[in-house]
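Remarks on the overall topology
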Amino acid sequence: MESSDANFPVRHRNFSLETKGNKTEIVICSYEDHILVIATQIGAMGTILHARKEEGMSVEPTFSVSVIFGKRDEPMLIATARRLIDHISSYVPSKPLVLSLGLKDHSSETLKEIVEAVIENRLW
Amino acid sequence: METDYDQVLRSVAQVKIAGDDGVKVSCFTEVLDDVTLHFQIIRLAKQIYVWIGYNSAKFGNLYAAASTRPSNTVSVTSVLGGTSDNTGSGIARRLVMKTGLNIILACNIPKNNPLLEAKAEKMLIRKLIDLGYTMPTPLRAT
């Protein structure tokens, strides 16, 4: 479901998906200088990550991904942010990502489904 | 005070509420004199995310605020934006006092503008009451 208010400067999209018996609510917002993705199963934002593409001289892009709030010992969350910023930066190179993952289940299958659903419904 | 606020207000864009009962997203815009404030409220089950845009759609600084033990005093921290800039942190803190919920606030209101900050906060609280996310009477004196 997308916001149809043409006057509001921030576009958003809001939907849910079922993974492994858990209902995941996803909200994607596109600001002028950031993309915000919220994926929650617990009714709260949970762990918040920040990811951006680094300006570099090399051919291969480099990314800076970090947890700015919450669990710092879950590499799968960082990998998820990395996967999404990789996708975002190939369309809008200058927009960093703020990713919120409030999940009961951190399995790679769930995260993969979330990434696929976000990309499918992307706003970039 | 309320009538002054009403006089200053010029236009209110339509409020959109989307999503099922899980997550509700509300967006609205208010114009004051020469300043346009955009508001976005995302209501999760146990948390409210708010974005306040000052004349633009820039994300701004991100703060998290909640009641903390032992005495339920409200704590606020800067999550992204990390300067000693306090714009937004006061709003986040007072929103927690008002709603009792965890608040994540993104705000790009510039520094040294306490009057604007206060107006934005008032509009936000009024909208939170209208949406039924909070009670009209404060839980405690600020």
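The coordinates are above.
Residues numbered from 1 in each chain as written. Chains lettered and ligands numbered in written order. Predicted model: local features only at pLDDT ≥ 70, side-chain atom pairs only at ≥ 80, totals over all residues. Heavy atoms only, no water.

1. Describing the overall build of chain A
Quick reminder of the rule: To qualify as a helix, a DSSP run of H or I must reach at least 4 residues; to qualify as a strand, a run of E must reach at least 2; elements of each kind are numbered from the N terminus. When we talk radius of gyration, it's over C-alpha atoms, and the globule rule is simply 2.2 Å times the number of residues to the 0.38. Under the scheme applied here, a residue whose accessible area is under 20% of the maximum for its type counts as buried, over 50% as exposed, and between as partly exposed, the area being computed with a 1.4 Å probe on protein chains only. Between two residues, a contact is recorded if the distance between any of their heavy atoms is within 4.5 Å. Each accessible area is a Shrake-Rupley estimate made with a 1.4 Å probe; only the visible protein chains count as cover when residues are assessed. The positive count covers Lys and Arg only, the negative count covers Asp and Glu only, and His and the chain ends enter neither. Charge coordinates come from a single atom per side chain, which is NZ of Lys, CZ of Arg, CG of Asp or CD of Glu.
Per the secondary structure count, chain A includes 2 helices and 6 strands. From first element to last, N terminus to C terminus, chain A shows the α and β order β-β-β-β-β-α-β-α. In summary, chain A has a C-alpha radius of gyration of 14 Å against a globular reference of 14 Å for 124 residues, a match within 12%. Along the three orthogonal principal directions, the C-alpha set of chain A runs to about 45 × 40 × 25 Å. The 124 residues of chain A split such that 54% are buried. Restricting the contact set of chain A to residue pairs at least 6 apart, pairs at least 24 apart contribute 55%. Entry remark: accessible area of chain A is about 5800 Å², with carbon and sulfur atoms responsible for 50%. The averaged location of the 17 negative side-chain charges in chain A is 1 Å from the averaged location of its 14 positive side-chain charges.

2. Brief notes about the overall build of chain B
Summing up its helical and strand segments, chain B has 3 helices and 8 strands in all. The secondary structure elements of chain B, listed N-terminal to C-terminal, are α-β-β-β-β-β-β-β-α-β-α. Across the 142 residues that make up chain B, the buried fraction comes to 49%. Sequence separation of 24 or more characterises 50% of the internal contacts of chain B that already satisfy a separation of 6 or more.

3. Concerning the interface of chain B and chain A
Put simply, the rule reads: Here the quantity called buried area is the accessible surface, traced with a 1.4 Å probe, that two parts lose on coming together, added over both. Within this document, salt bridges are pairs made up of a side-chain nitrogen of Lys or Arg and a carboxyl oxygen of Asp or Glu, the two lying within 4 Å of each other. Polar contact is defined as a pair of N or O atoms within 3.5 Å, subject to the rule that within protein one atom must be able to donate a hydrogen and the other to accept it, and that residues adjacent in sequence are counted only when both atoms are side-chain atoms. Amino acid classes used here: Ala, Val, Leu, Ile, Met, Phe, Trp, Tyr, Cys and Pro are nonpolar; Asp, Glu, Lys and Arg are charged; the rest, including Gly, are polar.
Taken together, the contact between chain B and chain A spans 31 residues of the former and 30 residues of the latter. Here chain B meets chain A over a buried area of about 2600 Å², counting both sides, of which 70% is carbon and sulfur. At the junction of chain B and chain A, the tally comes to 1 salt bridge. Between K58 of chain B and E32 of chain A there is a salt bridge; the shortest N-O distance is 2.8 Å. Across the chain B-chain A interface, the total number found is 9 residue pairs in polar contact (both at pLDDT 80 or more). Along the lines of polarity and charge, the residues of the side of chain B that touches chain A split into 18 nonpolar, 9 polar and 4 charged.

4. Looking at the packing of aromatic side chains
Between two aromatic rings, the relevant description is the distance of the centres plus the angle of the planes. In plain terms, the rule: When the centres of two rings from Phe, Tyr and Trp lie within 6.5 Å, Trp using its six-membered ring, the rings pair. Their planes under 30 degrees apart give stacked, over 60 give edge-to-face, and anything left gives tilted.
Taken as a whole and judged by the stated rule, the model has 4 aromatic pairs over all chains. Measuring from ring centre to ring centre gives 6.3 Å for F8 of chain A and W51 of chain B, while their planes differ by 85 degrees; the resulting arrangement is edge-to-face. Of the two residues, F8 of chain A sits in the segment before β1 (11-19) while W51 of chain B sits in strand β5 (residues 47-54), which places them in two different chains. Using a relative accessible area of 4% as the deciding quantity, one classes F8 of chain A as buried.

5. Brief notes about unusual backbone geometry
Negative phi values dominate among residues other than glycine, just as trans dominates among peptide bonds. Residues and elements named next belong to chain B. Put simply, R69 and P70 share a cis peptide bond, and its omega is 5 degrees. Along the polypeptide, P70 turns up in the loop between β6 (61-68) and β7 (73-80). Look at N72: it is not a glycine, yet its phi comes out positive at around 60 degrees. Take N72: it is sitting in the loop between β6 and β7. Classification of N72 by relative accessible area gives partly exposed; the value is 45%.

6. Remarks on the side chain of H50 of chain A
Mapped onto the elements of the fold, H50 of chain A is located in strand β4 (residues 47-54). Overall, the relative accessible area of 11% leaves H50 of chain A in the buried class.

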